[in-house]
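# A structural walkthrough
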Amino acid sequence: MKRLPKYTPAEVRNDPYGFTYKEMSEVIGENEAKALYEELYKQLPRKKNLSMLVKNICKSSDTEKYVYELKDNKYIETVFIKRRDGGTVCVSTQVGCPVGCIFCESGRNGFVRNLTSSEIVQQIILLRRKVNRIVFMGMGEPLFNYDNLIKAIHILRDRYGLNFPTDGITISTVGPVDQLKKLREEHLKIQLTISLHAATQSARNRIIPHMRIYAIEDVVKQAA
């Protein structure tokens with residue numbers, strides 16, 4: 001029996017940035033998928049395909065901060081850092097943050113929701129800039145939005161789209177152990193940075209109180 005597509009053509013066309021090329025091809029056919037991926041990732045984005053709007057841009061000499069408004073009127077920030085041959089984009093993965101670092105403004109009002117894979121990908125596309133490094137260390141804890149994060153990475157790496165190099169992608173995380181274990185099994189070969197914030201468990205518990213269930217030794221072991 002032929003397996004039915006997981007999605008409908010309307011879902012693909014209404015929010016195309018949330019689909020891998022393979023998923024898109026299974027739903028709307030390879031020819032249309034190729035044409036749509038060409039439009040999405042190799043040309044300037046068209047408003048009809050976007051689910052976010054740029055609200056404001058704050059600039060310094062080498063840094064630009066973008067505030068995006070989402071469809072549900074929530075807001076996220078994305079930062080572009082200029083480099084000689086392009087730039088690094090710091091990408092958000094959640095609205096708010098559940099981690100509760102005492103020094104971080106993002107988590108002050110608590111966690112609101114996860115971003116979709118489409119909302120993650122669009123943060124890069126909407127910049128309309130040459131990006132040669134993507135760092136997931138904006139608003140939110142990336143590994144607490146695990147499935148959407150991994151899907152977004154696959155979309156960004158797709159050879160029919162941006163074809164972004166694996167070594168140009170970094171996940172910055174406070175180290176939830178269960179998700180680190182899952183990440184090891186993905187074999188993505190991306191870069192990983194761990195934000196311990198302290199060298200002792202007691203100090204880390206004070207700085208990141210919501211992560212006290214994870215021992216530093218276990219975080220380091222899974223990240224090694």
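Scope of this entry: the structure provided in the associated data block. (Residues numbered from 1 in each chain as written. Predicted model: local features only at pLDDT ≥ 70, side-chain atom pairs only at ≥ 80, totals over all residues. Heavy atoms only, no water.)

## Considerations on the packing of helix H5 (residues 146-157) against helix H6 (residues 177-186)
As a reminder, the rule being used: Each axis is a line fitted through C-alpha atoms, and for a helix only the stretch in contact is used; angles between axes span 0 to 180 degrees, taken between their N-to-C directions. Elements are defined by DSSP. Helices are runs of H or I of four residues or more, strands are runs of E of two residues or more, and each kind is numbered from the N terminus. Orientation is classified from the angle alone, with under 35 degrees giving roughly parallel, over 145 giving roughly antiparallel, 65 to 115 giving roughly perpendicular, and any other angle giving oblique. Two helices that cross are described as forming a left-handed crossing if the nearer one is turned anticlockwise from the farther one by less than a right angle, and a right-handed crossing if clockwise. We call two residues contacting when some pair of their heavy atoms lies within 4.5 Å. Nonpolar residues are Ala, Val, Leu, Ile, Met, Phe, Trp, Tyr, Cys and Pro. Charged residues are Asp, Glu, Lys and Arg, and all others, Gly as well, are polar.
Closest axis-to-axis distance for the H5/H6 pair is 12 Å, and the angle between their directions is 25°. Judged by the inter-axis angle, H5 sits roughly parallel to H6. By crossing handedness, the relation of H5 to H6 is classed as right-handed. Across the interface between the two elements, Tyr146, Asp147 and Ile150 from H5 touch Gln179, Lys182, Leu183 and Glu186 from H6. Within the contact of H5 with H6, the residues separate by chemical class into three nonpolar, one polar and three charged.

## A few points about the side chain of Thr93
We apply this condition: The cut-offs for exposure are 20% and 50% of the maximum accessible area for each residue type, with area from a 1.4 Å probe on protein chains only; residues under the lower value are buried, those over the upper are exposed, and the others partly exposed.
Turning to its location among the elements, Thr93 is positioned in the loop between strand S4 (86-90) and strand S5 (94-96). Here Thr93 falls in the buried class, since its relative accessible area comes to 0%. Each residue touching Thr93, except ones within four places of it in the same chain, is listed here: Asn114, Leu115, Ile120, Phe136, Met139, Gly140, Glu141, Pro142, Asn145 and Leu149.

## Section: the side chain of Ser25
Secondary-structure assignment places Ser25 in helix H2 (residues 21-28). Its relative accessible area of 17% is what places Ser25 among the buried residues. Setting aside its immediate chain neighbours within four residues, Ser25 contacts Glu30 and Ala33.

## Re the nonpolar core
For clarity, the threshold we go by: Definition used in this section: a nonpolar core is a set of buried Ala, Val, Leu, Ile, Met, Phe, Trp, Tyr and Cys residues joined via side-chain atoms within 4.5 Å.
If you look at the biggest cluster of nonpolar residues, it comprises 59 residues, and the most contacted ones within it are Met24, Ile134 and Phe136. Filtering out sequence-adjacent residues up to four positions away, Ile134 remains in contact with Val89, Val91, Ile124, Leu156, Phe164, Gly168, Ile169 and Thr170.

## Brief notes about the sheet that holds strand S7 (residues 133-136)
Hydrogen bonds between backbone atoms are what pair the strands of a sheet, whose relative direction is either parallel or antiparallel. Filter applied, for reference: Any two strands are treated as partners once DSSP identifies two or more bridges connecting them.
A sheet is described by the order of its strands in space; here seven strands give the open sequence S1-S2-S3-S4-S7-S8-S9, paired in mixed fashion. Of all strands in the sheet, those bounded by a partner on one side alone are strand S1 (53-59) and strand S9 (191-194). Averaged over all pairs of adjacent strands, the angle between their axes in this sheet comes to 20°, without regard to strand direction. Docked against the sheet, helix H4 (residues 117-125) engages strand S2 (63-69), strand S3 (75-83), S4 and S7, running at close to 40° with respect to S3.

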